[in-house]
Number of protein chains: 2
Amino acid sequence: MFRKQFLAIVIGVFSLPVIAQRPVDYVNPIIGTDGMGHTFPGACTPFGLVQLSPDTDTIPHNINGTYQKNVYEYCAGYQYKDKTIVGFSHTHLSGTGHSDLGDILLMPATGDLKLNPGHADFSGEGYRSRFSHATEKATPGYYEVVLDDYSIKAQLTATPRVGVHKYTFPKEEDGHLILDLVHGIYNYDGKVLWSSLRVENDTLLTGYRITNGWARTNYTYFAISFSQPVLSYGYKDKAKTLYKGFWRRFNQEQNFPEIAGRNIVTYFNFDTKHNPELVVKVALSAVSTEGAVKNLHAEASGRSFEQLAKIATEVWNNELDHFEIEGTSDQKTMFYTSLYHTMINPSIYMDVDGLYRGVDNNIHRAENFTNYTIFSLWDTYRAEHPFLNLIKPERNADMAESMIKHQQQSVHKMLPVWSHMGNENWCMSGYHAVSVLADAITKNVYKNTGETLNAMVSTSNVPYYEGVTDYIKLGYIPLDKSGTAASSTLEYAYDDWAIYKTALATGNTDVAEIYKKRALNYRNIYDSSIGFARPRYSDGSFKKDFDVLQTYGEGFIEGNSWNFSFHVPHDVFGVMSLMGGDKSFVEKLDKLFSMHLPEKYYEHNEDITEECLVGGYVHGNEPSHHIPYLYAWTSQPWKTQYWLREILNKMYKNDIKGLGGNDDCGQMSAWYIFSVIGFYPVCPGSDQYIFGAPYLPYLKLKLPNGNILEIKAPAVSDKNRYVQSLKLNGRDYSKTYITHDDILKGGTLEFKMSSYPNKHRGLTPDDKPYSLTNGI
Amino acid sequence: MFRKQFLAIVIGVFSLPVIAQRPVDYVNPIIGTDGMGHTFPGACTPFGLVQLSPDTDTIPHNINGTYQKNVYEYCAGYQYKDKTIVGFSHTHLSGTGHSDLGDILLMPATGDLKLNPGHADFSGEGYRSRFSHATEKATPGYYEVVLDDYSIKAQLTATPRVGVHKYTFPKEEDGHLILDLVHGIYNYDGKVLWSSLRVENDTLLTGYRITNGWARTNYTYFAISFSQPVLSYGYKDKAKTLYKGFWRRFNQEQNFPEIAGRNIVTYFNFDTKHNPELVVKVALSAVSTEGAVKNLHAEASGRSFEQLAKIATEVWNNELDHFEIEGTSDQKTMFYTSLYHTMINPSIYMDVDGLYRGVDNNIHRAENFTNYTIFSLWDTYRAEHPFLNLIKPERNADMAESMIKHQQQSVHKMLPVWSHMGNENWCMSGYHAVSVLADAITKNVYKNTGETLNAMVSTSNVPYYEGVTDYIKLGYIPLDKSGTAASSTLEYAYDDWAIYKTALATGNTDVAEIYKKRALNYRNIYDSSIGFARPRYSDGSFKKDFDVLQTYGEGFIEGNSWNFSFHVPHDVFGVMSLMGGDKSFVEKLDKLFSMHLPEKYYEHNEDITEECLVGGYVHGNEPSHHIPYLYAWTSQPWKTQYWLREILNKMYKNDIKGLGGNDDCGQMSAWYIFSVIGFYPVCPGSDQYIFGAPYLPYLKLKLPNGNILEIKAPAVSDKNRYVQSLKLNGRDYSKTYITHDDILKGGTLEFKMSSYPNKHRGLTPDDKPYSLTNGI
């Protein structure tokens, strides 16, 4: 049903010639807005602070203490199935598994003034409006829809720090604009700590609000300009506010230019009878209203909506222009849309003058770098950041610098775990920022200084962070100390390898020695009797009644032992040995991809559904993303080629429901792009990418250094998914990996594809990728 | 009963030789802490940001929607009658009629940890402690008390931006320190919008809280240093906070250095068994924790408690050292304590690096001035600011500049009405900042620029401010538009005269003409048939059933018509004429001071009690403060001399209950100092001070320009209260006023006092003070 509607929209979006020529024309932001993708359809610029997008619902996390299951659906504020739009808010997470943001909502309206949003299913009760997907257009940096209840055409575009709205009101109707400072995603009662608004003059507002959401303390300052003067305005405060001035003597409710409170909904009336077009520019800042005004002037003042929309398109096209590919229309759409999704988060978190809010809540000036936030590192260290190292090294260098500054400003002296608008969310586990830094250093993207190693070492020794004290003492986190003891032990061991790698690069052999030892700590929780990772207690004993398939209660975070046991990307030969050697390792991999995993093993986990499984392999969540590539270390590397194409075909579709799981701030999309190209960074921090097989017959990678890497696999198809042979710049290439330096040199990778595997390729020790040890 | 206790304390305080020699030794901060004075006993520096003082109770403004009458008692957080101390908080208003502040409370304790304050009357339920006034010592910049429940000696001192605590714990007891981020004065549930704390290391905390109290949005950042390391710490959050991190995996309740929430009470444990002395330095900032740390280092680091306490004493002594007087011990105590009370508010509102939070909530840098807040202008324009023009011109110039900056940052483009920690409180009426500016310009204290006049004109034309649109259109505020229409009309007329005066000084005759006309608007609400001011409706008719004695519902704010009708300080001859001429005017004055005013006329007003009345003249509230001096314009100037001494004797006593009304940020005290000297600025903005009579036989005024004015009245006594004759520098002086320039020249004023009046002095037209007109 949705598929049919969706086709209609595609026609709507692509009103250009049938075969569009530019990367930007292939992108369809609607992909992933139905179901699990948690993407948003609205307008933004690459890595911008502003993501201006329609919200269709904003379920609070819990109501009267009861957890609301479908809050999970609304992480990005929009679900395709919904029939009404509440309004257009300015901040959205792209693909996360937790809701937040949705700051500063605008909604145009006509007729009787309504100051509450109403219910999703009952249009007319509140200011929200019904809409039809037939009127919806979404392209990078542009979104359009008709609000049916008001016959208002809404058009949105953005600059990095400014959301730009154009509302065309029906003729002969008085128009209002609602500015709802209560609205938010994850909007429980009390999320808004305070909000404040000043009507500076009849075309300029400034203000701010502070929220306690998933971002513990989120400061959103704003400056809003109107293209026509406000005639009158007012507000409603839905919460008790103690002091609002001496009411008895003058009216502070209507046309009084200073408004503040906990739950403020404001309205502004315009003479849309005579001037039906209203352009509204909303600049954000985390620093101050002064900063928001500067951002407004620098990025959006003096330009029409149409000019700004055109700029947004051009900016996106330039940012996306790293590839030329051959493929079907669906493949091109999926490819460029995935590429688009790798460039939404992380987000710029800094005013045009360089001021930004640090995790210490002080205002800092970024010297010679751009400050970023939204680091969903448990997800993005795997492929998103390595992908940026490959095609956006300058941005990733700034992200690395942002992490170092975070560490210096952190009271814990820790690199970010989940950096969210000047907050540490502590979301998920590990200290994977060290992986991002190590990878950027290995690939010469980020300068290596002693400061970096110090930040890594400090991060990995915070005694109160999950199990770290025991981990250092015992070599593993005991299950009696943490419910996710086993997975965190595995994650720390890999992270410690990243520190080891950086210490080596820094020439600090003492530190290297310590972290090499820590990098092997994964061994302490393998039970060789079953050949899987298995949590241990403080007394050294393994957990009894252990189920390697069960996701809950077995010591692993969002995954079972069967998946997590493969999480030793830095020492694959080592873990292979623990699992019983090559044969046993391959058998476990084979079984992982081919088993049937009954629902009882994952039914309570939002991140694991039948749609995101290939056998027992969970693609919709991150811990397993590298597993298909692990055959490279075994006697049967060709199996990677088989399973990758299964995963690519099942999990990524040009469809509103096209994503097999949360996009997770670009991680799912970066995995896709790498796997379509034909290689993947299994172990970030090493300089190797492990080969799968090209997904498309031709792909040209325009490297940031100006070199070109062409990847040719003319015969490839679902049937011809196997690599018979490979040539790099005309010479036979038998290794199962390629190095970063070789890629940067550019040239040609020519794959000879066929319908049957070449079972003899990549088997010599020289062909094998890096492993810290050769086994035990 | 209290009197007796008080004497005991006086002995305690003055452990110096019986006859103290220095101004600072005469000050008794306890005066006014019982009853209506609303002063606080704690430690501060002159005009400092920090007022570190014990709080005995903090009644919320209303409980379950019911107004709590005794909230009024706790404007400064302390009432002498109370038996327990909750703790020591860092910000207090001095003498206001509205509660607020009480930010950042510390309380030392031993024994079982308690994280709630408990009830005032039941010590032991919470962390509060009983105390005895016998252990209390209070001098400028120093306070000391023993907390009986814990046997802890608490000593307090301050720098401008840092509160300094020294706690001496009993031997062999484990000591805690409570840092209560919920506590505040006017502390209704929900006042705290957010608070945040970081334990930077074992001797430094930083943090902030944001409150919605009387100051609508008050940002208090802090940095707290300990003289010994914290052993362990933790907190309790009394309110639901949504996101606090991933609790399931590590403990964020104990020894976790990042704490945030709505209702946080924290505790810190110290090894006081081995080190019983704990010095705590608490620096405040309205800008950032970074600013607070700077303030801490600049003002308090590297100095012992004893050194800082000594500095505070010296700073006060230097600041107070403008007078030498002869008088009784009580008179000296009252005089220097009043002088002390003129120098607490306004308060510095700026970090040591010049950054401050503006009323636009942006952070600004003060260029070449010190930024101040706490402008209770309806009170302080009368005598406090003129007093500062006389003895602290540099400070008042900076205060004027702070007001101009406020105007420029205000969305209303208005000068402050009640400036409160970067907020406009809109408290009371008028736009009296124009009076402060005009007075400072007239007296060459503040540079006169076109900017100043523009700010005044802008302020007086804000259409939505109480009745201004009608006032401009009709020449008065109609009662159907405002419940305090008559008093505001009177206040605006005077304020408009101040603008007229400034326009003249600026040479802007066009503006002068407009405001001269507006200055006569008071005439529009006089009913010549009764000889009193009387509110009118929009249709021009006077209010019917009008009672000139009633405080409520008659169109006047906190006063009746009989008092308020005299509020035309700029055109006394004009109002005299409206009242029926000299005879009638004098009769009305006489009756005002001698009538019996039944309680029914003021019973609902907290600012008017029997104690603050002289006849029907209300000294405890401000609108009448100039009235005793109005005889100067009449045929019977000597009556001023009689009534002043009545007022001085009744309203100001060296006693805990020594103030006849709220000190109102120094206004009551400034009135006292002027009236003791012998003259008073009836019409700020003119250069004239109107003579009363000296209260003391000898007073030396050390002027800021280095000149000395000696005031001699050797024969003065309650009996000899009348001025027979006066010589200025040896020459007969018959005028009823003296000019600012004459005072600045220094010299000697010699009063010949007697027990009977000289009814012939000051009667010629040349002897009479300024009046805009000579009547009508």
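Scroll up to find the structure.
As a starting point, this report considers the structure included with it. (Residues numbered from 1 in each chain as written. Chains lettered and ligands numbered in written order. Predicted model: local features only at pLDDT ≥ 70, side-chain atom pairs only at ≥ 80, totals over all residues. Heavy atoms only, no water.)

1. As for the nonpolar core
What tends to happen in soluble globular proteins is that the nonpolar side chains get buried as a cluster. Counting residues in hydrophobic clusters, the biggest one holds 232 residues, and the most contacted among them are F323 and F679 of chain A. The greatest single-element share of this core, amounting to 11 residues, is contributed by helix α12 (residues 485–506) of chain A. Counting residues in hydrophobic clusters, the runner-up holds 231 residues, among them Y78, F585, A670 and I690 of chain B. (Core = buried A, V, L, I, M, F, W, Y, C linked by side-chain atoms within 4.5 Å. Buried < 20%, exposed > 50% of the residue type's maximum accessible area, 1.4 Å probe, protein only. Helix = DSSP H or I, 4+ residues; strand = E, 2+ residues; numbered from the N terminus.)

2. What to know about the packing of aromatic side chains
Applying the stated rule across the entire model yields 98 aromatic pairs over all chains. For K588 of chain B, the ring lying beneath its charged end belongs to F532 of chain B, and the centroid distance is 4.9 Å. (Phe/Tyr/Trp six-rings, centres within 6.5 Å; stacked < 30°, edge-to-face > 60°. Lys NZ or Arg CZ within 6 Å of the ring centre and 35° of its normal.)

3. Quick notes on the state of the cysteines
All names here are of chain B. Overall, the coordinates contain zero disulfides over all chains when judged by the stated rule. The thiol sulfur of C75 is not disulfide-bonded, and the nearest other cysteine sulfur, from C665, lies at 10 Å. Judged by its relative accessible area of 0%, C75 is buried. Sulfur of C665: no disulfide; nearest cysteine sulfur belongs to C427 and is 9.8 Å away. (Disulfide = S-S within 2.5 Å.)

4. Focus on the relation of the copies chain A and chain B
Think of it as a corkscrew move, a rotation about one axis and a shift along it, taking one chain copy to the other. By a simple turn and slide, chain A fits onto chain B: the slide is 0.0 Å along the axis, the RMSD is 0.0 Å, and the turn is 180°. This pairing of chains is accounted for by a two-fold axis. Of every C-alpha in chain A, the one belonging to L193 of chain A sits nearest the axis of rotation, 2.8 Å from it. (Least-squares fit on C-alpha atoms with pLDDT ≥ 70 in both.)

5. Looking at helix α7 (residues 384–391) of chain B
Across the eight residues that make up α7 of chain B, a large majority, eight, are buried. Of the positions making up α7 of chain B, those classed as buried are E384, H385, P386, F387, L388, N389, L390 and I391 of chain B.

6. A short note on the pattern of salt bridges
Here the structure, examined in full by the defined rule, presents 65 salt bridges over all chains. Its salt-bridge partner being D321 of chain A, residue K702 of chain A comes within 2.9 Å of it at the nearest N-O pair. Linking K702 of chain A in strand β34 (residues 698–702) with D321 of chain A in the loop between α4 (305–320) and β21 (323–326), this pair joins segments that are 381 residues apart in sequence. Its salt-bridge partner being R645 of chain B, residue D718 of chain B comes within 2.6 Å of it at the nearest N-O pair. Remark: R645 of chain B occurs in helix α17 (residues 638–651) and D718 of chain B occurs in the loop between β35 (708–712) and β36 (722–728); sequence separation between them is 73 residues. (Salt bridge = Lys/Arg side-chain N within 4 Å of Asp/Glu carboxyl O.)

7. Considerations on the sheet that holds strand β32 (residues 679–680) of chain A
Two pairing modes exist for strands in a sheet, parallel and antiparallel, and in both the strands are linked by backbone hydrogen bonds. Spatially, three strands are ordered β32-β33-β38 (chain A) in an open sheet, and the strand pairing comes out antiparallel. The open sheet has two free edges, formed respectively by β32 and β38 (737–739) of chain A, since each of these has just one partner strand. (Pairing = 2+ DSSP bridges.)

8. Topic: the pairing of β21 of chain A
Regular strands place side chains that alternate from one sheet face to the opposite one. Residues and elements named next belong to chain A. Residues of β21 alternate between two faces, with F323 and I325 buried on one and E324 and E326 left unburied on the opposite face. Pairing geometry for β21 and β34, over four bridges, is antiparallel. Counted as the bridge partner of I325 is L699 from β34.

9. Thoughts on the pairing of strand β12 (residues 162–168) of chain B
All names here are of chain B. Buried residues dominate β12, accounting for six of its seven residues. Of the strand pairs in this sheet, strand β11 (residues 152–158) and β12 are connected by six bridges, and their pairing is antiparallel. Bridge pairing in β12 links T157 to V164. Between the antiparallel neighbours β11 and β12 lie three residues. In the sheet, β12 pairs with strand β20 (residues 277–285) via seven bridges, with the strands oriented antiparallel. Directly across from V164, in β20, lies its bridge partner K281.

10. Observations regarding the packing of helix α9 (residues 433–442) of chain B against helix α12 (residues 485–506) of chain B
Residues and elements named next belong to chain B. Contact geometry for α9 and α12: axes closest at 9 Å, N-to-C directions at 35°. As α9 packs across α12, the resulting crossing turns out to be left-handed. In this structure, α9 contributes V434, S435, A438, I441 and T442 to the contact, and α12 contributes Y494, D495, A498, I499, K501, T502 and A505. Across the contact of α9 with α12, the residue classes break down as seven nonpolar, three polar and two charged. (Axes fitted to C-alpha atoms, helices over the stretch in contact; angles between N-to-C directions. Left-handed = near helix turned anticlockwise from the far one by under 90°. Contact = heavy atoms within 4.5 Å. Nonpolar A, V, L, I, M, F, W, Y, C, P; charged D, E, K, R; others polar.)

11. Comments concerning the side chain of H412 of chain A
Note on placement: H412 of chain A falls in the loop between α8 (393–409) and β27 (418–419). Residue classification places H412 of chain A among the buried residues on the basis of a relative accessible area of 6%. A polar contact is formed between the side chain of H412 of chain A and the side chain of E258 of chain B, at a distance of 2.7 Å. Beyond its immediate sequence surroundings of up to four residues, H412 of chain A is in contact with W426, V462 and Y464 of chain A together with F256, P257 and E258 of chain B. (Polar contact = N/O pair within 3.5 Å; in protein donor to acceptor, adjacent residues only side chain to side chain.)

12. Observations regarding the interface of chain A and chain B
With 58 residues of chain A at the interface, the matching set in chain B holds 58 residues. Interface area, chain A with chain B, both sides summed: about 5,300 Å², of which 53% is carbon and sulfur. At the junction of chain A and chain B, the tally comes to two salt bridges. Between E258 of chain B and R216 of chain A there is a salt bridge, with the nearest N and O atoms lying 3.9 Å from each other. Run the count over chain A and chain B and you get 16 residue pairs in polar contact (both at pLDDT 80 or more). Only β14 (192–201), β15 (204–211), β16 (218–226), β18 (258–261) and α3 (289–299) of chain A provide two or more residues apiece to the side of chain A that touches chain B. The element contributing the most residues to the side of chain A that touches chain B is β14 of chain A, with five residues. (Buried area = accessible area lost by both parts, 1.4 Å probe.)

13. Some points on the sheet that holds β34 of chain A
Residues and elements named next belong to chain A. Taken in spatial order, the six strands make up an open sheet running β21-β34-β35-β39-β36-β37, and their pairing is mixed. Only two strands of the sheet have a single partner each, and these edge strands are β21 and β37 (731–732). Relative to strand β39 (residues 747–754), strand β35 (residues 708–712) is paired through four bridges, and the arrangement is parallel. The partner of E710 across the bridge, within β39, is T748. Against the sheet, helix α5 (residues 329–341) touches β21 and β34, its axis set at about 155° to β21.

14. Some thoughts on the packing of α8 of chain A against helix α9 (residues 433–442) of chain A
Residue and element names in this part refer to chain A. Relative orientation of the contacting elements α8 and α9 amounts to 135°, with a least axis distance of 10 Å. The orientation of α8 with respect to α9, classified from their angle, is oblique. The hand of the α8/α9 crossing is left-handed. Residues N396, A400, M403 and I404 of α8 form the contact with α9, whose own contacting residues are A433, V436, L437 and A440. For the contact of α8 with α9, the class distribution of residues is seven nonpolar, one polar and no charged. (Parallel < 35°, antiparallel > 145°, perpendicular 65-115°, else oblique.)

15. Concerning the environment of D607 of chain B
Residues and elements named next belong to chain B. Relative to the helices and strands, D607 resides in the loop between α16 (582–594) and β30 (613–614). Taking relative accessible area as the criterion, D607 reaches 8% and is therefore assigned buried. Sequence-wise, D607 and G559 are 48 residues apart; in three dimensions their C-alpha atoms are separated by 9.4 Å. When residues no more than four places from it in sequence are discounted, the contact partners of D607 are Y72, E558, C612, G620, N621 and N662.

16. Considerations on unusual backbone geometry
A cis amide bond links N345 of chain A with the next residue in sequence, P346 of chain A, at an omega value of -10°. By secondary structure assignment, the location of P346 of chain A is in the loop between α5 and β22 (347–348). At I374 of chain A, a position not held by glycine, the phi torsion is positive, near 60°. Along the chain, I374 of chain A turns up in the loop between β25 (372–373) and β26 (375–376). A relative accessible area of 3% means that I374 of chain A is categorised as buried. Non-glycine residue I104 of chain B carries a positive phi angle of around 60°. Since its relative accessible area comes to 0%, I104 of chain B is described here as buried.

17. Some words on the environment of N563 of chain B
Mapped onto the secondary structure, N563 of chain B falls in helix α14 (residues 561–564). Spatially, the C-alpha atoms of N563 of chain B and Y537 of chain B are 21 Å apart, while their sequence positions differ by 26 residues.

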